[in-house]
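# Chains, contacts and geometry: an overview
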Amino acid sequence: MNKVNSTNPEPLLERPFFLSVLNIVILTYSGALTLITLILSINYKWVTEVLNDYLPNQNFEEFRVLIISITALLIFGLTLWSGLLIWRLKYKGFIIYLGLTIITIFVLIFSGYGYMPEYITLIGIVLLMFFYSVKIKKMINSGKAKQAKAE
């Protein structure tokens, strides 16, 4: 007898409208900032001159500006990638995005940059991602339950 390997495909989930809107915002924001930080990383010498002209008390060094630009490029690039994963409803994308948001909060706190509205926004994003991850888990579990009933 020939046995046919039957694999159970993952349940198809529909992306809620609110998640689609948020995801478009994430992709637009992170895509634009990835492009900007890429340009800043390439032109870091010019950026250093501009920063030193406008903020003479800070005395920025080229290496410091390059490291900040590359770090921002890495963070925003990972945010763009996690946004693409979220668009495909991959739970891994939520985890990466949530982790990057938490890292951003700590960087702002410990570096002394940023102001209160940024912290409130970032904490709101963390809460939103937490509640939505709970909803996604419920959707996945209900999809598996429906699939088990169908078999």
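Rules used in this analysis
Residues numbered from 1 in each chain as written. Predicted model: local features only at pLDDT ≥ 70, side-chain atom pairs only at ≥ 80, totals over all residues. Heavy atoms only, no water. Helix = DSSP H or I, 4+ residues; strand = E, 2+ residues; numbered from the N terminus. Areas by Shrake-Rupley, 256 points an atom, 1.4 Å probe, with all protein chains shown as cover. Axes fitted to C-alpha atoms, helices over the stretch in contact; angles between N-to-C directions. Parallel < 35°, antiparallel > 145°, perpendicular 65-115°, else oblique. Left-handed = near helix turned anticlockwise from the far one by under 90°. Contact = heavy atoms within 4.5 Å. Nonpolar A, V, L, I, M, F, W, Y, C, P; charged D, E, K, R; others polar. Phe/Tyr/Trp six-rings, centres within 6.5 Å; stacked < 30°, edge-to-face > 60°. Expected span 1.5 Å × (residues − 1). Buried < 20%, exposed > 50% of the residue type's maximum accessible area, 1.4 Å probe, protein only. Patch = residues over 30% accessible without salt bridge, like charges linked within 9 Å, V, L, I, M, F, W, Y side chains within 5 Å. Salt bridge = Lys/Arg side-chain N within 4 Å of Asp/Glu carboxyl O. Core = buried A, V, L, I, M, F, W, Y, C linked by side-chain atoms within 4.5 Å.

### Considerations on the overall build of the protein chain
- Broken down by element type, the protein chain carries 5 helices and 0 strands.
- Traced from its N-terminal end to its C-terminal end, the protein chain shows the element sequence α-α-α-α-α.
- Of the roughly 11100 Å² of accessible surface on the protein chain, 68% is carried by carbon and sulfur atoms.

### Here's the deal with the packing of helix α2 (residues 44-54) against helix α3 (residues 62-87)
- Relative to each other, α2 and α3 sit at 115°, their axes nearing to 9 Å. For the element pair α2 / α3, the angle class is roughly perpendicular. Like other packed secondary-structure pairs, α2 and α3 cross with a definite hand, here right-handed. Contacts from Tyr44, Lys45, Val47, Thr48 and Leu51 in α2 reach Glu62, Val65 and Leu66 in α3.
- Residue composition of the contact of α2 with α3, by class: 5 nonpolar, 1 polar and 2 charged.

### A closer look at the packing of aromatic side chains
- All chains considered together, the criterion is met by 1 aromatic pair.
- Each ring, one from tyrosine 29 and one from phenylalanine 76, has its centre 6.2 Å from the other, and the planes form 90°; the classification is edge-to-face. One end of the pair, tyrosine 29, is in helix α1 (residues 17-42); the other, phenylalanine 76, is in helix α3, and 47 residues separate them in sequence.

### Things to note about α1
- Taking 1.5 Å of rise per residue, 26 residues should cover 38 Å, and α1 covers 38 Å from first to last C-alpha, within 8% of that figure.
- Along α1, the positions that sit buried rather than exposed are Leu19, Ser20, Asn23, Ile26, Ser30, Thr34, Thr37 and Ser41.

### A word on a nonpolar patch on the surface
- Taken together, the side chains of Ile123, Leu127, Phe130, Phe131 and Val134 present a nonpolar region at the surface, about 480 Å² in accessible area.
- Tracing the backbone through its elements, the reader meets isoleucine 123 in helix α5 (residues 116-150).
- Exposure remark for isoleucine 123: the relative accessible area of 45% places this residue in the partly exposed category.

### Comments concerning the packing of α1 against α3
- Between α1 and α3, whose axes approach to 8 Å, the crossing angle comes to 155°. Viewed along their axes, α1 and α3 adopt a mutual orientation that is roughly antiparallel. Note that α1 runs across α3; the crossing there is left-handed.
- Among the residues making up the contact of α1 with α3, the classes are represented as 17 nonpolar, 11 polar and no charged.

### Points about the side chain of threonine 37
- Here threonine 37 lies in helix α1.
- Those residues in contact with threonine 37, other than ones at most four positions away along the chain, are Ser69, Ala72, Leu73 and Phe76.

### Structural notes on the environment of leucine 40
- By the element assignment, leucine 40 lies in helix α1.
- Sequence separation between leucine 40 and valine 65 is 25 residues, and the spatial gap between their C-alpha atoms is 8.9 Å.
- Excluding anything up to four places from it in sequence, leucine 40 contacts Val47 and Ser69.

### Describing the nonpolar core
- Of all hydrophobic cores here, the largest spans 9 residues; its members are Leu19, Ile26, Ile86, Leu89, Phe94, Tyr97, Met129, Tyr132 and Ile136.
- Those elements that place two or more of their residues in this core are α1, α4 (91-111) and α5.
- Broken down by element, this core gets its largest block of residues, 3 residues, from α5.
- Beyond its immediate chain neighbours, meaning those up to four positions away, tyrosine 132 contacts Pro16, Leu19 and Phe94.

### Points about the side chain of threonine 101
- Tracing the sequence through the fold places threonine 101 in helix α4.
- We classify threonine 101 as buried; its relative accessible area is 5%.
- In this structure threonine 101 touches Leu122, Ile125 and Val126, once residues within four positions along its chain are discounted.

Honestly, it's all geometry; don't read function into it.
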